[in-house]
Amino acid sequence: MSFWRVLLAIIFPPLSVIGKGCGSFLIVLLLTFCGWVPGVIAALVILNNTN
């Protein structure tokens, strides 16, 4: 996880996970629409996953 990805996950979560696939992007986008905090948490969890 790079510093810039984490910063991007805090500012605009869906954009930070765009390289992880369409499914991850859509999940984080929906969670961000529900609330900013769930989107940030989901983005950080997806970015922290090493698989």
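Calculation notes
Residues numbered from 1 in each chain as written. Predicted model: local features only at pLDDT ≥ 70, side-chain atom pairs only at ≥ 80, totals over all residues. Heavy atoms only, no water. Core = buried A, V, L, I, M, F, W, Y, C linked by side-chain atoms within 4.5 Å. Buried < 20%, exposed > 50% of the residue type's maximum accessible area, 1.4 Å probe, protein only. Helix = DSSP H or I, 4+ residues; strand = E, 2+ residues; numbered from the N terminus. Contact = heavy atoms within 4.5 Å. Expected span 1.5 Å × (residues − 1). Arc of directions from axis to C-beta.

Draft legend 1. Layout of the nonpolar core. Ranked by size, the top nonpolar core spans 7 residues in total: Ala 9, Val 17, Val 28, Ala 42, Ala 43, Ile 46 and Leu 47. Residue contributions to this core peak at 4 residues, all from helix H4 (residues 36-48).

Draft legend 2. Molecular detail of the environment of Phe 25. Here Phe 25 shows up in helix H3 (residues 22-34). Taking C-alpha positions, Phe 25 is 17 Å from Trp 4, a pair spaced 21 residues apart along the chain. What Phe 25 contacts, discounting residues up to four positions off in sequence, is Pro 14, Leu 15, Val 17 and Ile 18.

Draft legend 3. A look at H4. Spanning 13 residues, H4 covers 18 Å between terminal C-alpha atoms, matching the ideal 18 Å at 1.5 Å per step. Taken residue by residue, H4 has Gly 39, Val 40, Ala 42, Ala 43, Ile 46 and Leu 47 as its buried positions. The buried residues of H4 occupy an angular sector of 165° when projected down its axis, which confines them to one face. For H4, the exposed residues set more than 90 degrees away from the buried face come down to Val 45 and Asn 48. Considering only its buried residues, H4 is in contact with helix H1 (3-11), helix H2 (13-16) and H3.

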